[in-house]
Amino acid sequence: MRQIILPFLLLFLSVTAGPQSWAQDAIISPNTLDRRIEPLSPIDQQFMAAQRSSIESLANQLGQQLTGIPQRDLATLQRILELGLIAPDDKLELQALGVVLGDLFASELNMNWVVYRDRAGRTRALQYGNSEVFLFPVTMISRRWEVGHQRPVADIFDTNVATTRAKLPGANWR
């Protein structure tokens, strides 16, 4: 059984993910039958507010505050990481950084937070309008830092902004 599943899984990942899939966090959902999009629940909103507050506290320790200005906030997030204020194995706090990063994406790309449910489970994501363009920022930093890939936060932001803009409806007209 394992001999059948492993090749299928590898084929599935290579077809659905494309090259360097771990770096691609923006998607256009190909199968709308297997997923549901819902508004954030009050619990989601509370949890995300607590995550933002946690990162704001870390920024305050550095004499900074979160401003919503990408250049400033990305530098603050990077400094938090570089100074080791969050351990590489602290998934919850690393994901809190992802929420703050997501807020910057939302502002830059005019996206909204939603709950994205599919066969893999439930996650908080950003959606562009009612389109099929989604971004999954909560784990963008944590997935990388947990395995020692310390890609600069500004690079993650810039790459995903460019990738997502190219997938937005009407992107060919711009």
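Residues numbered from 1 in each chain as written. Predicted model: local features only at pLDDT ≥ 70, side-chain atom pairs only at ≥ 80, totals over all residues. Heavy atoms only, no water.

Novice: Is there a simple way to explain the pairing of strand 4 (residues 121–128) in this structure?
Specialist: A regular strand places its side chains on the two faces of the sheet in alternate fashion. For strand 3 (residues 111–118) and strand 4, the ladder comprises eight bridges, and the chain directions are antiparallel. When the sheet's bridge partners are listed, D118 is paired in strand 4 with G121. In this structure, strand 4 lies alongside strand 5 (residues 133–135), joined through two bridges in antiparallel fashion. Bridging from a neighbouring strand, L126 pairs with L135 of strand 5. In textbook terms, the turn of a hairpin is the stretch between consecutive antiparallel strands, and for strand 4 and strand 5 this stretch comprises four residues, one of which, G129, has a positive phi near 55°. (Pairing = 2+ DSSP bridges. Helix = DSSP H or I, 4+ residues; strand = E, 2+ residues; numbered from the N terminus.)

Novice: For this particular structure, what's the right way to read the packing of aromatic side chains?
Specialist: Within a pair of aromatic rings, the relevant descriptors are the distance that separates the centres and the angle that separates the planes. A complete count under the given rule lists three aromatic pairs for this structure. Considering the side-chain rings of Y116 and F134, the 4.9 Å spacing of their centres and the 75° angle between planes classify their relative orientation as edge-to-face. Here the residue Y116 occupies a position in strand 3, and F134 occupies one in strand 5, the gap between them amounting to 18 residues. Judged by its relative accessible area of 0%, F134 falls in the buried class. Geometrically, the ring pair formed by Y116 and F136 is edge-to-face, given 5.1 Å between the ring centres and 85° between the ring planes. With a gap of 20 residues between them, Y116 in strand 3 and F136 in the loop between strand 5 and helix 5 (142–146) connect regions that are remote in the sequence. Like F136, Y116 is buried. (Phe/Tyr/Trp six-rings, centres within 6.5 Å; stacked < 30°, edge-to-face > 60°. Buried < 20%, exposed > 50% of the residue type's maximum accessible area, 1.4 Å probe, protein only.)

Novice: Can you help me understand helix 4 (residues 91–109) in this one?
Specialist: Since there are 3.6 residues in each turn of an α-helix, residues three or four apart along the chain are aligned in direction. With 19 residues, helix 4 extends 26 Å from end C-alpha to end C-alpha; this agrees with the ideal 27 Å at 1.5 Å per step. Helix 4 sits mainly inside the fold: 14 of its 19 residues count as buried. Phi turns positive one or two residues past the end of helix 4, at N110, with a value near 55°. (Expected span 1.5 Å × (residues − 1).)

Novice: Can you help me understand unusual backbone geometry in this one?
Specialist: Within the chain, N110 stands out as a residue other than glycine whose phi angle is a positive 55°. Inspection of the secondary structure assignment puts N110 in the loop between helix 4 and strand 3. When its relative accessible area of 56% is taken as the criterion, N110 is described as exposed.

Novice: Whenever I open this one, the packing of helix 3 (residues 70–82) against helix 6 (residues 153–167) confuses me. Can you help?
Specialist: Two numbers describe a pair of packed helices, the interaxial angle and the distance between the axes. The geometry of helix 3 relative to helix 6 is characterised by a closest axis approach of 8 Å and an angle of 135° between their N-to-C directions. When the interaxial angle is binned, helix 3 and helix 6 end up oblique. Residues P70, L74, L77, Q78 and L81 of helix 3 form the contact with helix 6, whose own contacting residues are V153, A154 and F157. Its residues assigned to classes, the contact of helix 3 with helix 6 shows seven nonpolar, one polar and no charged. (Axes fitted to C-alpha atoms, helices over the stretch in contact; angles between N-to-C directions. Parallel < 35°, antiparallel > 145°, perpendicular 65-115°, else oblique. Contact = heavy atoms within 4.5 Å. Nonpolar A, V, L, I, M, F, W, Y, C, P; charged D, E, K, R; others polar.)

Novice: Looking at this structure, how should I read the environment of A154?
Specialist: You can see A154 is positioned in helix 6. Separated by 83 residues in the primary sequence, A154 and Q71 have C-alpha atoms spaced 7.8 Å apart.

Novice: How do you make sense of the nonpolar core when you look at a structure like this?
Specialist: Nonpolar side chains tend toward joint burial in soluble globular proteins. The biggest cluster of nonpolar side chains holds 38 residues, and the ones touching the most others in it are I55, L97, L101, F105 and I141. Residue assignment for this core shows that the elements contributing at least two residues are helix 2 (42–61), helix 3, helix 4, strand 3, strand 4, strand 5 and helix 6. The residues touching I141, leaving out its near neighbours within four places in the chain, are L81, L94, L97, G98, L101, V153 and I156. Within the second largest apolar cluster, five residues are counted, among which are V114, Y116, F134 and F136. (Core = buried A, V, L, I, M, F, W, Y, C linked by side-chain atoms within 4.5 Å.)

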